Amino acid sequence: MKSEDAVSQKKPGGLKFNRRTFIKLSALTGVAIGAGQILGPAITHSSDPVPPGAAAPLDEKWINTSCINCPARCAIKVRVAGGKAVKITGNPLSRVSEGKVCPRAYVGLQVLYDQGRVNFPLKRTNAQKGKGVDPKWQPVSWEEALDEIARRLQAIRQKEEPHKLLLFSGLNTRSSEDMIARFAEAYGTPNLVSGDALEAETLKAGNWMADGRYGDVAYDLDNTNYILAFGADILESSRPLARLLRKWGKMRREKPNRTRIVVINPRYSLTAAKSDLWAPINPGTDAALAMALAHVIIRENLYDSAFVSRWTAGFDAYKKLALDEYSPEEVAKITGVDADDIRKMAREFAGTRPAIAIGGREAVDWTNGSYTAYAIACLNALVGSIDVPGGVIYQEGVKFSPMPGIAEDGIAKKGKSQPALDLRKTAKYPLAEVVTNQIPESLLKGEPYPVEMAIGFNSNFNMLSPGMEKWDEALRKIPFYVHIAPFVSEMAFDADIILPATTYLEEWAYDFSPPGSGFAELKLKQPVVPLRGKNRPIPEVIFEIAKKTGGAVANAFAGLGDNAEGFVKYRTASLLSWKEFVETGVWIGNDYEYRKYERLFATPSKKFEFYSGNMKALFAAKKLAAAGDLSFLPHYGAPKFLGEASAFPLVLLPYQPLMVVENGSQNYPWAQEAFLPMCGVGWQVFAEMNTDTAKKLGLKNGGFVWVESASGKIRAKVKFSEGIHPEVVAMATGQGHWSYGKWQTGIGVNPNEITGLDYDSLSGQSAFFNTRVKVYKA
Ligand code: SF4
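Here's what I pulled together on the structure shown here. Residue numbering note: each chain is counted from 1, following its sequence as written. The predicted nature of this model means local features are confined to residues of pLDDT at least 70 and side-chain atom pairs, given and counted, to a pLDDT of 80 or more, with totals for whole chains, interfaces and linings taken over all residues. Hydrogen atoms and water are omitted, and side-chain values are computed over all heavy atoms in the structure.

1. Points about the overall build of the protein chain
This is how the line gets drawn: For the purposes of this entry, the term helix denotes a DSSP run of H or I that reaches at least four residues, the term strand denotes a run of E that reaches at least two, and both are numbered from the N terminus. Only C-alpha atoms enter the radius of gyration, while the globule expectation follows 2.2 Å times N to the 0.38, with N the number of residues. To sort residues, take the accessible area from a 1.4 Å probe on protein chains only and compare it with the maximum for the residue type: under 20% means buried, over 50% means exposed, and anything in between is partly exposed. Residue contacts follow a heavy-atom distance rule, with two residues in contact if any of their heavy atoms lie within 4.5 Å. Note on areas: these come from Shrake-Rupley sampling with a 1.4 Å probe, and a residue is covered only by the protein chains present in the view.
Assigned secondary structure in the protein chain consists of 26 helices and 31 strands. Expected size for 778 residues packed as a compact globule is a radius of gyration near 28 Å; at 26 Å, the protein chain falls within 12% of this value. With respect to the three principal axes, the spread of C-alpha positions in the protein chain is 75 × 65 × 60 Å. Looking at the protein chain as a whole, 63% of its 778 residues qualify as buried. In the protein chain, once contacts between residues fewer than 6 apart in sequence are set aside, the share between residues at least 24 apart is 75%. As displayed, the protein chain has an accessible area near 27,800 Å², and 52% of this comes from carbon and sulfur atoms.

Here you go:
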C-alpha cells in the first residue's frame, strides 16, 4: 500500500499531488498524457481480462534477450504465453550475470505494459513551454514528423552550422549509441552529450592518471580475499549490479575463505550493512584516508616490492608525499577515522592478498574526485593487485564487424571544428570527455554559440542533475526540440515533437555490460512480443532521418542493414551465426588473460604511474598552472562546499537506492513498493539523519521537516538513524517526478532540486554531495 507521501496532499477525487506549484502542472500532464487520442485506446495490455471462451492451452515459449533497466544490460529470458510476456528471469548462458538478475529486472513487464506509454508521434501545438503549461499535444503521422525534422536538419546544414544541433543520449542500447554517434559524426556536430558526467567520470580520470586508460576498470571478485570499498555501493548502485550481487554471494558464502569486506561511507548503506566493517568517514575526505593507508603500507614495508619496482614509475615521489603528509594521526583529524583503525585497515588490506580497493560515487563525486580516484587506484598497485587473479582487471571489448569510414563533407568538417557546448577539453575541464551539466549553463548564456535544434534519445537529465531547475529553463530556450522515447518524461515535456520509441522488449539491438567481467560478452535484444502502437526502435528512426536529410549524412548509413534488425546482423556477422545468436542471446569472448603488462599501460613510462606523466603532459599542452608536483600526484585537497557552514551546518548526501530504475522512470509499483530497503518502506523519500543530531535540533522522528540549501528547500519526513554521519542528511534520489506516469507522479521529492552546481574540474563530473543544508521543523 502507498503510505502517506512526504510532500503529497490528498486532493478531492483521491489524486495525489506534490507541492502547490505542481498542482496545476500535474493536472495538465494528466490530461495531456491520459488523452485517448495519444495513447491509442485499442491497445490491449497484460492486465486485460481473458475473454470468455479463451481457455484453450496457451502457446508458450522462452525468448533470450537482454535487460536495460540500468546500464548493466544483463542477459535475460522472457516467458511469453498466449502472445504476452509474463515472466522475466536470467539467461543461464550468460557468464557475466551467471543466469541471475537483480530485483529491478522484474520491472520489465511493467515497462512493457505501462498504459502511460506514447504510441503515436506527438506534436506540441502550444508554443508556450514550461512546468504547468499544457503542451496541447496532437498526434501526427511518422511521415509528417520525420519530414519536419529532416527539413530543419537540412536548413541548419545549408547555413553550414551543423554544430548548432545538440544531441542528448540517455540510457540507450549499444547499437543505438553506435547509430547516434555515427549520426553526430556524419552530420557534423561536436555536441553529442551523454549522461556519463552525472555518474562517476572521476573514476575514469583517476585511472587515466595511473594507467593511461580513460575508462572504468573491472574487479576479479571470484578470486579476491579482501575488498576496501570507498563509497562503492556494491549492492545498490554499482555496475553491473546483477553480476555484483551474484559475486557477493560467492565471496561471502561459497568460497572456503570468505572474502572480508570493509565499507567506507558516511552512510550506513545496504552494502555497509552486509559487510564486515563500516567506517563512517567525514564526507569528501576519502583521498586522505587512501593516502594514510599508503603511508602505513609503505612505512611498514608491506607493499609488493617486486611489482612496484618492475611495473611502476614515480614511486619515490609518492612515497615521500605519503610519509611526509599523511600520518594516521593527521589523517584521523581530517577523516574522523581513528588512527589505530587506519593502521589496522592498512595491515589487513596489504596482508590479505589478493586485495582490491574499489572507488564509488560517494567517495569520488566531489570537486576533488579525480585525485581521490587516483589515490584509490594507487592502493591497488601498492599491493600488486593489477591484472592478477583477485585484483583489478581490464575489460576486453567486443570485436564487431567494422562500419565503413564516414566520407564527411566540408560542412561536417566545419561543424566539428567548433568547440563543444559542454566545454570538454578546454582549460575549464581539461580532461573531460563530456560535461553533461555544463549544457544548461551554455544554453542559457548562448555561449559559445546558440543552438538551433536538439534531439534527445531516452534522456531525462533534468531529473538526474544537480541544480536540475536550470535544465527546465535551458530546454525552453532551444528553438526546436525533438524527444525520442517510449514515455513523456520531464525532458520530453519541453519537446516540440515526441517520437514514440520501442521499449527494450520490443526491439532488435545488441548490448554489452560496463566493465565487470574482464572477458567480453555480447547480448542480443530481440522483440518478445509484437509492437504496440506505432512505436519504432531508435536505429530505425535514425536510418529514416539520415535518409531524409540526404547527402553525406544519408551516405553514412547506406549498406548498414537499413533497419534495427539488419544493423544488428551487420555488426555481429563476424562473431557468430544469426541463428545461434537468436537462440542463445549471447556471444562470449575468450577467457580473461592476466598479466598483460607489456601492452597494458598507456602512460609515458609504459608502467603504472604513481606520478602521472600523462597529467604532466596535459598541464603543459593546455598551459595550466600546476601546484608543483602535487598536481601530478594522488593527494587530498579539501572539497569545495556550496553554502556557508555557519548558515548550513549539514551536508546533503543524495544517494541512489537499489530500486531506482535507471531508464529514467519510477512508474512501477514493484519498484516503488521496495524503494527504500534500508528504511523498510517504499513510495517515499526521507530526510535520513543521525539520531543525536536530529534530537539536538528538536526534531521528532517521522515528523515533517524542511531541508534547505542556498538554492531552495524541500519538505520530507525525517527518519532518525544511528547509521548516518552526524553532519550528514541522506536523501534517496529517483523520486519527485512530475511527469512520466501515474504511479510515480507526485511521489516523494528529488534532492537534486536543492543541490547546487559544481564540478570536478578535471573530468567535468558533477559534484553531487557538496551542498550544505539546514534542517528544521516544517
Ligand atoms: S542489473 Fe540492471 S540490467 Fe541487470 S537485471 Fe538488474 S536492472 Fe536489468
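So much for the structure itself; the text now carries on.
2. Some remarks on the sheet that holds strand β17 (residues 453–457)
Rule in force here: Strands pair, by our definition, only if DSSP identifies at least two bridges between them. Only the stretch in contact is used when a helix axis is fitted, and all axes are lines through C-alpha atoms; the angle between N-to-C directions ranges over 0 to 180 degrees.
Here seven strands make up an open sheet; going across it, the order is β7-β6-β19-β18-β17-β8-β9 and the pairing mixed. Two strands lie at the open edges of the sheet, namely β7 (137–139) and β9 (192–194), each paired on one side alone. Between one strand axis and the next, the sheet turns by 20° as a mean value, whatever way the strands run. Together, β6 (122–124), β8 (165–169), β17, β18 (481–485) and β19 (497–500) form the strand contacts of helix α4 (residues 142–158), whose direction differs from that of β19 by roughly 125°.

3. Side note on helix α22 (residues 564–572)
For the record, the criterion: Distance and chemistry together define a polar contact, namely a pair of N or O atoms within 3.5 Å, with one atom able to donate a hydrogen and the other to accept it when in protein, and with adjacent residues in sequence counting only for side-chain atoms on both sides.
Residues of α22 that are buried: A564, G566, F567, V568, R571 and T572. Elements in contact with the buried residues of α22: α5 (174–187), β20 (509–511), β21 (521–525), α20 (538–549) and α23 (578–584). For α22, the capping residue at the N-terminal end is N563, with a side-chain oxygen 3.3 Å from the backbone nitrogen of E565.

4. Regarding α5
Applied cut-off: The length a helix should cover is 1.5 Å for every residue beyond the first.
Under the 1.5 Å per step criterion, the end-to-end length of α5 is 20 Å for 14 residues, consistent within 8% with the ideal 20 Å. The buried fraction of α5 amounts to ten of the 14 residues, a majority that puts the element mostly inside the structure. When we look at burial in α5, the residues that qualify are R174, S175, S176, M179, I180, R182, F183, A184, A186 and Y187.

5. Digging into the sheet that holds strand β31 (residues 772–777)
Strand-to-strand pairing in sheets goes through backbone hydrogen bonds, with the strands running parallel or antiparallel. Here we have six strands rolled up into a closed barrel, ordered β24-β28-β25-β27-β26-β31, and mixed in their pairing. Looking at each pair of strands side by side, their axes are set apart by 45° on average, direction ignored. Here two bridges tie strand β24 (residues 650–655) to β31, and the two strands are oriented antiparallel to one another. Note that in β31 the partner of V651 across the bridge is R772.

6. Let's talk about the nonpolar core
For the record, the criterion: Throughout, nonpolar core names a set of buried Ala, Val, Leu, Ile, Met, Phe, Trp, Tyr and Cys residues whose side chains join them through atoms within 4.5 Å.
The biggest cluster of nonpolar side chains holds 97 residues, and the ones touching the most others in it are L166, F168, V707, V729 and M731. If near-sequence neighbours (up to four positions away) are discounted, L166 is found in contact with N191, V193, L421, I439, L443, V451, M453, A454 and I455. Grouped together as the second largest cluster of nonpolar side chains are 92 residues, V217, A272, A357 and L762 included.

7. A few points about the environment of S513
The residue S513 is located in the loop between β20 and β21 in this model. Overall, S513 belongs to the buried group, its relative accessible area being 9%. For the pair S513 and I334, spaced 179 residues apart in the sequence, the C-alpha separation amounts to 37 Å. Every residue in contact with S513, bar those within four places of it in the chain, is listed here: A72, R73, V96, R174, P240 and K523.

8. Concerning the packing of helix α9 (residues 286–299) against helix α11 (residues 315–325)
Under the convention used in this document: If an angle is under 35 degrees, it is roughly parallel; if it is over 145, roughly antiparallel; if it lies from 65 to 115, roughly perpendicular; otherwise it is oblique.
At a minimum axis separation of 8 Å, α9 and α11 run at an interaxial angle of 105°. Here α11 runs roughly perpendicular to α9, going by the angle between their axes. Taken together, the residues of α11 that come into contact with α9 (itself represented by M291, A294, H295, I298 and R299) are F315, Y318, K319, L321, A322 and L323.

9. Some remarks on the packing of aromatic side chains
Aromatic ring pairs are defined here through the distance separating the ring centres and the angle between the ring planes. Applicable threshold: Aromatic contacts are taken between Phe, Tyr and Trp rings whose centres are within 6.5 Å, Trp giving its six-membered ring; a plane angle under 30 degrees counts as stacked, one over 60 as edge-to-face, and the others as tilted. Charge-over-ring contacts are defined here by two conditions on Lys NZ or Arg CZ: a distance within 6 Å of the ring centre and an angle within 35 degrees of the ring normal.
Counted by the stated rule, this structure contains 33 aromatic pairs. A network of ring pairs unites the aromatic residues F183, Y187, F400, Y510, F512, F543, F557 and F567 as a single cluster. Between K77 and the ring centre of W62, over which it is positioned, the NZ or CZ distance is 4.8 Å. Of note, R772 hangs over the ring of F641, and the distance from its end group to the ring centre comes to 4.4 Å.

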